[in-house]
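Each chain, written out:
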Amino acid sequence: MSKQNPDYPGQYPEKSDFADSPPAYQDPGMAGYQTSYPGPQQYVAYPPGQGPYPPAQPYPSPQGQYPMGQGPAVTMQPAIYVQRAPLVHPMPDYLGYSIFTMLCCCLPLGIAALIYSISTRDANNMGNEELAKKNSRLARNLNHTGLGIGIAVLILWIAYVAFAASQH
């Protein structure tokens, strides 16, 4: 809080530093100020068919070119949507093999093979032969690898159990 000016009670020192006094009061009516809002605007009504602009000239119509009451016909070409049909000879999707690999042999490779099997089926239905061939080959390779790992783990498990039983 600032201290009051001792020379002028009620004034603070930082406010007494201003050399300019406030401007004098001006009566709004005398200084050219608008004291009220303008009244409603006056609109001019024109008789029907007439206006502030000259009447428009009609376009000339070709006589005898079209039957009476009909104008020129506008024709449009229909939109054509190109869709590929499903493949006539679809690639194998190995879906059953993928499910067997996933459940019985190697879960991670079986899941990946299942995803590519479904992608192969989708590509076959869309008619995309290149993508179907690629996904089919990848699903087959993942299934063969998963089956090989599953058989190897099974053989190692049997050898371990046989070795552990011979030690007792």
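Residues numbered from 1 in each chain as written. Predicted model: local features only at pLDDT ≥ 70, side-chain atom pairs only at ≥ 80, totals over all residues. Heavy atoms only, no water.

Visitor: Which residues make up the packing of helix α1 (residues 95-105) against helix α2 (residues 107-126), and what values do they have?
Guide: Between α1 and α2, the shortest axis-to-axis distance is 7 Å and the interhelical angle comes to 165°. By the angle between their axes, α1 is roughly antiparallel relative to α2. In this structure, α1 meets α2 at a crossing whose hand is left-handed. In this structure, α1 contributes L95, S98, I99, T101, M102 and C105 to the contact, and α2 contributes L107, G110, I111, A113, L114, S117, I118 and R121. Of the residues belonging to the contact of α1 with α2, the class tally is 9 nonpolar, 4 polar and 1 charged. (Axes fitted to C-alpha atoms, helices over the stretch in contact; angles between N-to-C directions. Helix = DSSP H or I, 4+ residues; strand = E, 2+ residues; numbered from the N terminus. Parallel < 35°, antiparallel > 145°, perpendicular 65-115°, else oblique. Left-handed = near helix turned anticlockwise from the far one by under 90°. Contact = heavy atoms within 4.5 Å. Nonpolar A, V, L, I, M, F, W, Y, C, P; charged D, E, K, R; others polar.)

Visitor: Quick rundown of unusual backbone geometry? Include the residues and the values.
Guide: Most peptide bonds take the trans form, and the phi angle of most residues other than glycine is negative. Although it is not a glycine, Y94 adopts a positive phi angle of roughly 55°. When you line up the elements, Y94 lands in the segment before α1. With a relative accessible area of 24%, Y94 lands in the partly exposed category. (Buried < 20%, exposed > 50% of the residue type's maximum accessible area, 1.4 Å probe, protein only.)

Visitor: Any chance you could break down the packing of aromatic side chains for me, citing the residues and the numbers?
Guide: Taken as a whole, this structure holds 1 aromatic pair when the rule is applied. Pairing W157 with Y160 gives two aromatic rings, centres 6.0 Å apart and planes at 40°, and the pair type is tilted. Placement of both W157 and Y160 in helix α3 (residues 129-166) is noted, with a separation of 3 residues, approximately one turn of the helix. W157 gets classed as exposed once you look at its relative accessible area, which sits at 55%. Residue class for Y160 comes out exposed when judged on its relative accessible area of 53%. (Phe/Tyr/Trp six-rings, centres within 6.5 Å; stacked < 30°, edge-to-face > 60°.)

Visitor: Tell me about the packing of α1 against α3, residues and numbers included.
Guide: At a minimum axis distance of 9 Å, the contact between α1 and α3 shows a crossing angle of 25°. In terms of axis orientation, α1 runs roughly parallel to α3. Between α1 and α3 lies a crossing of left-handed hand. Contacts between α1 and α3 pair Y97, S98, F100, T101 and C105 from the former with N143, H144, G146, L147 and G150 from the latter. Partitioned by chemical class, the residues of the contact of α1 with α3 number 4 nonpolar, 6 polar and no charged.

Visitor: Talk me through the environment of P108; I want residue IDs and the actual numbers.
Guide: Mapped onto the elements of the fold, P108 is located in helix α2. The exposure class of P108 is exposed, given its relative accessible area of 58%. Expressed as a C-alpha distance, the spacing of P108 and G146, which sit 38 residues apart in the sequence, is 8.4 Å.

Worth remembering: the numbers are spatial, not functional.
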